[in-house]
Amino acid sequence: MSDSTHDTPKFRYNAAFANEIERKWQDYWEAERTFWAPNPTGLLSDVNRERAHLPKKFVLDMFPYPSGAGLHVGHPLGFIGTDVYARFMRMQGFNVLHAMGYDAFGLPAEQYAVQTGQHPAVTTEQNITTYRAQLRMLGLGHDPRRGVSTTDVGYYKWTQWIFLQVFNSWYDHSNDCARHVDELVRELDAGLRLPDDDGVPWAERDALEQRRYVDDHRLVYVGEAPVNWCPGLGTVLANEEVTADGRSERGNFPVYKRPLKQWMMRITEYSDRLIADLDQLDWPDSIKLMQRNWIGKSIGAEVDFHVVGKKGASRQGAAAEQGEPTDQDASDDTLISVFTTRPDTLFGATYMVLAPEHELVDHITPNEWPECRPEWRGIFGAHRSPSEAVSAYRDFASAKSELERTSEGKQKTGVFTGAFAVNPVNGAEIPVFIADYVLTGYGTGAIMAVPAHDARDFEFAREFVIDVVPVITPSPEWLLNHEGAIAADCATWSESFHGDGVAMNSANEGVSLNGLKVREAKAAIIEWLVGENRGAATTNYKLRDWLFSRQRYWGEPFPIVYDEHGPIAVPESMLPVTLPEISNFEPATSDDPDALPSPPLGRAEDWVEVEFDLGDGPRVYRREVNTMPQWAGSCWYYLRYLDPTNEDRFVDRETERYWGENKQEAVGAVDLYVGGVEHAVLHLLYSRFWHKVLFDLGHVSTPEPFQRLFNQGYIQAYAYTDERGMYVEASEVVERDGAFTHNGKVVNREYGKIGKSLKNVVTPNDMCDEYGADTFRMYEMFMGPLDASRPWSTRDVVGVNRYLQRLWRSCIDETSGDSRVVDADIDDDTRRVLHRTIAAITNDISVLGFNTVVARLFELNNHLTKLVEASGSAPRAVVEPLILMTSPVAPHIAEELWQRLGHTTTCAYEPFPVHDPKWLVADTVEIPVQINGKVRGKVTVASDATQATCEAAARADERVAALLVGATVRKTVVVPGRMVNFVVG
RNA sequence: GCGAGCGUGGCGGAAUUGGCAGACGCGCUGGACUUAGGAUCCAGUGUCCGAAAGGACGUGGGGGUUCAAGUCCCCCCGCUCGCACCA
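Being a predicted model, the structure only gives us computed values, none of them experimental. (Residues numbered from 1 in each chain as written. Chains lettered and ligands numbered in written order. Predicted model: local features only at pLDDT ≥ 70, side-chain atom pairs only at ≥ 80, totals over all residues. Heavy atoms only, no water.)

1. A short note on the side chain of asparagine 48
Inspection of the secondary structure puts asparagine 48 in the loop between helix 1 (15-32) and strand 1 (56-61). According to the relative accessible area criterion, asparagine 48 is buried, its value standing at 15%. At 3.2 Å, the side chain of asparagine 48 forms a polar contact with the backbone oxygen of arginine 33. Those residues in contact with asparagine 48 that lie beyond four places of it in its chain are Arg33, Thr34, Trp36 and Pro38. (Helix = DSSP H or I, 4+ residues; strand = E, 2+ residues; numbered from the N terminus. Buried < 20%, exposed > 50% of the residue type's maximum accessible area, 1.4 Å probe, protein only. Polar contact = N/O pair within 3.5 Å; in protein donor to acceptor, adjacent residues only side chain to side chain. Contact = heavy atoms within 4.5 Å.)

Structure, rendered in structure tokens:
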């Protein structure tokens, strides 16, 4: 930008002037507390009290992590979108809560602290200050009192309090909700409830046994399960934080499954409700689908297979030599339980597979090979015994990384255990294999394999030469498409058949599925299995309990201490449990997968050992040294926004009810939640879970946190590489005749994330310096639909800047600074344009269609410009609504113009213009006249003209009439007010 | 592999949900004002044929339904995202 100083009018809207008025209005809003949203009660109710009686809108952005790099132009896209929406809703008469806090615990601050020795609290504070300054510059209408940070002691005290709520709860299946454990104990004591662990009667248990029972039922518990151990980060991670190829989402370090004692949250208790309640949310279908897939509910059956008694006369001798127990008889009773979603194909099960780590593998493996096909002994040549083959295979499988395991062309591997099991429906003795295509963690870790109707089983069966028996008749089309395939003979099949079909080969003395469709066959076989006590209908979920502990310093400490028997909650009155000061924040990281986690808090010995009186006199306890994951603080921040200063409760009940209150069909507290898709299954699932626990316990009044979710797209930018492939500074690249050059040399254009590494960073500060915040805001809104990703293009920004300049010039004399607005009449045409614009904008803002909002503003302004050119002045009846409609997008210039037009208060609460429907319809409309669907003329008719009138007018058109001469009109289609079409033949 | 979504001028993108494709903006071309223009203002700008009037073509490709298709249906191609042996 280069308005040379000597001839630029003093009151031209240029960058310097924009910056001046922007600062002025930001100061005004702060001083006047313009965006302080009143609560119904409490400390935040005194200012703007009159608005507390209005209906509410709760508008929310996803909590940013304040990184040291500050904001680039991609970050504030959603923030500006919510600000436009929030400002619009204020003008529509709502009490709008819009605030911005910080998700400030987490790895980057800690890693920076490790490198520099500076306390993470210090860098976090600096980063937040930077963020606040950058956001203030954008003119976002946040209520500053509510800008909490998860690292504030006054905040994480309540994170710990919520943890205790979860800790002190159990899931009551008979009422399908969480309840306080005291109620569980009371019911057990009173005999109203029996222990569900088939143990001794409750009354006969001692205090320690009772405590263990309760601990086992809490919604938070210490579990020892295979967890994702990431030695590179020195911490364990939740499933959601591990990528498909077995690496950490942060840092991309390898992750190993290791059995470790860790805190777990029973999110799985909520699986069904988390799925069911999605139906009532106004979320993108793609996100709902991702959540459903992640929870992964499958309905099927569990079926028990008896293992055939081990064979081989020399077996006992061999076992005795190795000092193993000889349990031949016991093996007769061994049951392998499998989960299947296709119990209707049970007659086609020709082998079984256990996961290599399955606990029964050693138990069922005999010492000598039975008679079997040589291929079954696996991929390592002939082993002398099954147990040799099994252990060799286990070594092979566990040496493979997650990536290798899934990417090796899906070549199936495995070995025969030497054991056989009996198919309960037909008595067939089928071989039992181990193979790594069966996962330990899902279902029972064992499957019945039906190669005819499952792709994986089919591949395995072909590999190992196992029988393939069809039990569903393929459709004729399928057989046709699989040349040579015959329904009854799978030997000719090239792949398994998964389609719908009727059952075949599926009958025994007690049940016949033959001729039944899949659904009916499932029901019939389950009924039979239940009757025979060989199985039952069950449901399985992919979702696992949430691994909740991390071996980090910069997180919330657990409000937990240990005595010699286990964990005990720190009483509420002793919250918060504050982080101790330590000097070395580093967890022990390592390349060694067998290294053990070692949390940094363990080194704060003075802190770890603590003396309390928990009712039985002062005793020494040891504190929990793990910290909570970053997700903990972000699970509930929207609730703290409601009542950030409350020291007695995490949120006041009445305040929560006011801001959470919703129309009958709505179930979520937040009216609009805008953020990126990357949180589809992490934050959004955890947050829904906590909210539901709080709902069950009566602490919040809605079953869901977020009613309407909107995913904003990402802004990326072009990047350029030179002939060496090195990135060059993108801002220095110029385009000439379709080629891109940097210092005269041609460079190659790429497209990617904005960041230092691609040298393509553009910051909001750059844009504000060059054009002003209003231009920047408006450009971000104009560049495309909010949910679409698109490339940043600084070159295009000038377009919206011109709009603001023209608007300014229409209203203000550039040399004198005086208003050019007059109270003149406006013509009907102008009035129509105005009201059409009002109607379109009102609709588009509510559906977050901000790009078309800006386009409509441009149109009205273009019309206004013509009026001003013609008359030398701007009619107030157009200018004022235009300013008001501009104000949500470009609030500073709107305030300035509003003031210069003679108003004395902010326009933030002026009623948004309302359209008059009568001006939406013109007296006349021009409609196209088509002949055979091609436009051949246009006629103007009264907008309420009848079919007959339209047709008559069309026929009267000279050109149309000429074309119709001599033609036979076979049909005439008239859509009144829209078009006329003559079909001639 | 499975699932979801998307393909519209040189570019970003609009199109009452079946009714004039390309709103609005960038860029480009021409002009005005200027010592100057990378400022501002005005006009033009889908492609092809044509001096023009006008015509033909046109929403990834092919087919279909319809008086009428960017929009609905079928097949194919390309891109993006999610899941990834989940039984």
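2. What to know about the protein's contact with RNA strand B
Looking at RNA strand B, there are 57 residues lining it, with Thr341, Tyr442, Arg456, Asp796 and Arg802 nearest. At the protein interface, 64% of the atoms of RNA strand B within 4 Å belong to sugar or phosphate. Here threonine 341 contributes a backbone N or O atom positioned 2.3 Å from a sugar or linking oxygen of RNA strand B. Sorting elements by how many residues they give to the surface near RNA strand B places helix 26 (residues 850-871) first, with eight residues. A class-by-class count of the residues in the surface near RNA strand B yields 19 nonpolar, 14 polar and 24 charged. (Near = heavy atom within 4 Å. Nonpolar A, V, L, I, M, F, W, Y, C, P; charged D, E, K, R; others polar.)

3. Examining the sheet that holds strand 6 (residues 235-237)
One open sheet holds the four strands; their spatial order is 6-5-7-15, and the pairing between them is antiparallel. Taken across any chain shown, the strands that pair with only one partner, and hence form the sheet edges, are strand 6 and strand 15 (546-547). Where strand 7 (residues 256-265) lies against strand 15, two bridges are found, and the strand directions are antiparallel. Its bridge partner being in strand 15, methionine 265 is matched across the sheet by tryptophan 546. The strands touched by helix 5 (residues 153-167) are strand 5 (220-230) and strand 7; relative to strand 7, the strand with the most contacts, the crossing angle is about 95°. (Pairing = 2+ DSSP bridges. Axes fitted to C-alpha atoms, helices over the stretch in contact; angles between N-to-C directions.)

4. Concerning helix 26
Side chains that are three or four residues apart share a direction in an α-helix, a result of its 3.6 residues per turn. End to end, helix 26 covers 31 Å across 22 residues, agreeing with the expected 32 Å (1.5 Å per residue, within 8%). Listed in full, the buried residues belonging to helix 26 are Phe850, Asn851, Val853, Val854, Leu857, Phe858, Leu860, Asn861, His863, Leu864, Thr865 and Val868. Where helix 26 terminates, the next one or two residues include glycine 872, which has phi positive at roughly 80°. (Expected span 1.5 Å × (residues − 1).)

5. Here we look at the packing of aromatic side chains
Throughout the structure, instances matching the rule amount to 57 aromatic pairs. Seen in terms of ring centroids, phenylalanine 105 and tyrosine 156 are 5.7 Å apart; in terms of plane orientation they differ by 50°. Their pairing is tilted. Remark: tyrosine 156 occurs in helix 5 and phenylalanine 105 occurs in the loop between strand 2 (95-98) and helix 3 (107-116); sequence separation between them is 51 residues. By the burial criterion, phenylalanine 105 is buried, and tyrosine 156 matches it. Centre to centre, the rings of tyrosine 718 and tyrosine 751 are 5.3 Å apart; their planes meet at 45°, and the pair counts as tilted. Separated by 33 residues along the polypeptide, tyrosine 718 in strand 24 (residues 715-721) and tyrosine 751 in strand 28 (residues 745-752) bring together distant segments of the chain. Residue classification places tyrosine 718 among the partly exposed residues on the basis of a relative accessible area of 27%. The partly exposed category is assigned to tyrosine 751, whose relative accessible area is 41%. (Phe/Tyr/Trp six-rings, centres within 6.5 Å; stacked < 30°, edge-to-face > 60°.)

6. Points about the packing of helix 2 (residues 77-91) against helix 23 (residues 773-782)
Here helix 2 crosses helix 23 at 95°, and the two axes come no closer than 10 Å. As summarised for this structure, helix 2 and helix 23 are arranged roughly perpendicular, according to the angle between their axes. Between helix 2 and helix 23, the contacting residues are Leu77, Ile80, Gly81, Asp83, Val84 and Arg87 on the first element and Phe776, Arg777, Glu780 and Met781 on the second. Within the contact of helix 2 with helix 23, the residues separate by chemical class into five nonpolar, one polar and four charged. (Parallel < 35°, antiparallel > 145°, perpendicular 65-115°, else oblique.)

7. Focus on the pairing of strand 10 (residues 351-354)
If a strand is regular, its side chains alternate between the two faces of the sheet. Of the two faces of strand 10, the one lined by Tyr351 and Val353 and the one lined by Met352 and Leu354 are each fully buried. Relative to strand 13 (residues 446-449), strand 10 runs antiparallel, the two being bridged by four bridges. Counterpart to methionine 352 in the pairing with strand 13 is methionine 448.

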